[in-house]
Amino acid sequence: MNHKILPADPKAGYLAAQAEIDEAIRRVMLSGHYILGPELEGFEKEFSTWLGTTATVGVANGTDALELALRAAGIGPGDKVVTVANTVTATVSAIGASGAKAVFVDIEPTTMLMDLDALEGFLIKMRDPRIKAVIPVHLYGQSVDMPRLMQLAEQHRLIVIEDSAQAHGSTVGGRKTGTWGHLAAFSFYPTKNLGAFGDAGAVTGSDPALLDQVRLLRQYGWRKRYVSDLPGRNSRLDEIQSAILRVRLVRLDAENVRRDELAGFYLEALGKFPLRLPVVAAGRTHCWHQFVLRTPRRDELKTHLEKRNILCGVLYPIPVHRQPAYHDAALSLPQTEEACAQVLSLPLHPGLTNEDVARVARDVESFFEQGRDGSNSPAK
Ligand SMILES: *Cc1c(COP(=O)(O)O)cnc(C)c1O
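This text gives an overview of the structure that appears in the document. (Residues numbered from 1 in each chain as written. Predicted model: local features only at pLDDT ≥ 70, side-chain atom pairs only at ≥ 80, totals over all residues. Heavy atoms only, no water.)

1. Concerning the overall build of the protein chain
- Within the protein chain, the regular secondary structure consists of 12 helices and 16 strands.
- On C-alpha atoms alone, the protein chain measures out to a radius of gyration of 21 Å, which is about the 21 Å that the 2.2 N^0.38 rule sets for 380 residues.
- With the principal axes as the frame, the protein chain shows a C-alpha extent of 70 × 60 × 40 Å.
- Taking all 380 residues of the protein chain together, the buried fraction comes to 56%. (Helix = DSSP H or I, 4+ residues; strand = E, 2+ residues; numbered from the N terminus. Rg over C-alpha atoms; globule rule 2.2 N^0.38 Å. Buried < 20%, exposed > 50% of the residue type's maximum accessible area, 1.4 Å probe, protein only.)

Below is the structure:
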């Protein structure tokens, strides 16, 4: 049996920088300083420089980053926040945690990102003053059309919080995602393009007042120790994860280049099959957090590849408005529902070799060949 090809491989990320990561962990352990110290400060500065923004506030995870960004912007009970339903539930649970209510618009079928015509139509039709914010999700590593979204947001006086958890390094109009909205939220979950080896997240932005609120909210609302100015909570990013992220940030651009090469290979190799391959919109760059193709035969193809030791992801099998905790029988989002039934993420991460992706492409080919001659060749 061929070796297993994983959809993502955080351990390969460790092995690629093992000596430096071990040294970073040792440095923190020997420093005696484990929470809100120099490693976090260093990471916040370095991430801001890499992103091209004013400031970064490290928090415990990406879900908290979204929630604290909403709360910092004054979004809370009684407010509504527009987003999409083909996202990790985290986007929606963060809106709920802020006290606001999530409302959904459909997606545009080629990019599978928020349909801004649908958003505009929705805002005009609803004329609902409780709609206060919008969370565009830069799904799979491609940016939403931020220039147009920011224009719409200005017209309708909406706060924009970018969900950049899958978009470390993608751009639109030459400008990185996470620098467009009033604030942006990043996750450094281990499988993201920039991953910690535990939970981690950050809020980024350029408005000092908003960032100051996030900083207060992440630690009990303290400006001064033991004096809470706000009803904050605990969402701190620890020193060990910060030190690890500093090591991994240095490699991020090169790793994104490698992801782009691998995605280019897939696009080239898979063009001849009856699949819908990912589309990169004009004026945007994709950081290939996921390489997502579409086929009505998704489950069959996934099983075919699994039998050949190639594991794929499905992001996401059930849209949020069809999940038990958020079920809304009255809501229909046809494009979102169709996408969730068809999407398949091929393995894509910097630890893959050219031979690995060639093997994936060959087994996609064997799937379609098997269908063509009616035979059912056994798994190797
Ligand atoms: C990963 C992710 C999150 C949540 O991040 P956590 O660090 O797991 O809390 C939010 N939104 C999107 C789109 C994500 O991919």
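2. Considering the nonpolar core
- Residues Leu119, Ile161, Leu183, Leu270, Leu275, Phe291 and Leu346 are the most contacted members of the largest nonpolar core, which totals 92 residues.
- Structurally, this core is a two-domain feature, drawing no fewer than three residues from each of domain 1 (11–246) and domain 2 (252–369).
- With residues up to four places along the chain from it excluded, the contact list for Leu275 reads Leu270, Leu293, Arg294, Thr295, Leu301, Val364 and Phe368.
- With 16 residues, the next largest nonpolar core counts Phe47, Leu51, Ala196 and Leu252 among its residues. (Core = buried A, V, L, I, M, F, W, Y, C linked by side-chain atoms within 4.5 Å. Domains from an automatic or database assignment. Contact = heavy atoms within 4.5 Å.)

3. Remarks on the site of the ligand
- Close contacts around the ligand come from 13 residues, with Gly62, Thr63, Asp163, Ser187 and Lys192 the closest.
- Gly62 places a main-chain nitrogen or oxygen 2.8 Å from an oxygen atom of the ligand.
- Here an oxygen atom of the ligand sits 2.7 Å away from a polar atom, N or O, in the side chain of Ser187.
- With respect to the detected pockets, the ligand is housed in the largest pocket.
- Within the residue set of the shell around the ligand, elements represented by two or more residues are α4 (62–72) and α5 (89–98). (Near = heavy atom within 4 Å. Polar contact = N/O pair within 3.5 Å; in protein donor to acceptor, adjacent residues only side chain to side chain. 1 Å grid on protein atoms, 1.4 Å probe; cavity = no way out; pocket = protein on both sides within 12 Å on 5 of 7 lines; lining within 4 Å. Sits in = over half its atoms within 2 Å of the grid points.)

4. So, the packing of aromatic side chains
- By the definition in use, this model includes 12 aromatic pairs.
- With 5.5 Å between their ring centres and 35° between their planes, Phe43 and Phe47 make a pair best called tilted. Note that Phe43 and Phe47 are positioned in helix α3 (residues 38–51) at a spacing of four residues, about one turn of the helix.
- Judged by relative accessible area, which is 0%, Phe47 ranks as buried.
- Their ring planes at 50° and their centres at 4.9 Å tell us that Tyr266 and Phe291 sit as a pair that is tilted. Taken together, the residues Tyr266 in helix α9 (residues 239–270) and Phe291 in strand β15 (residues 291–294) connect sequence positions 25 residues apart. (Phe/Tyr/Trp six-rings, centres within 6.5 Å; stacked < 30°, edge-to-face > 60°.)

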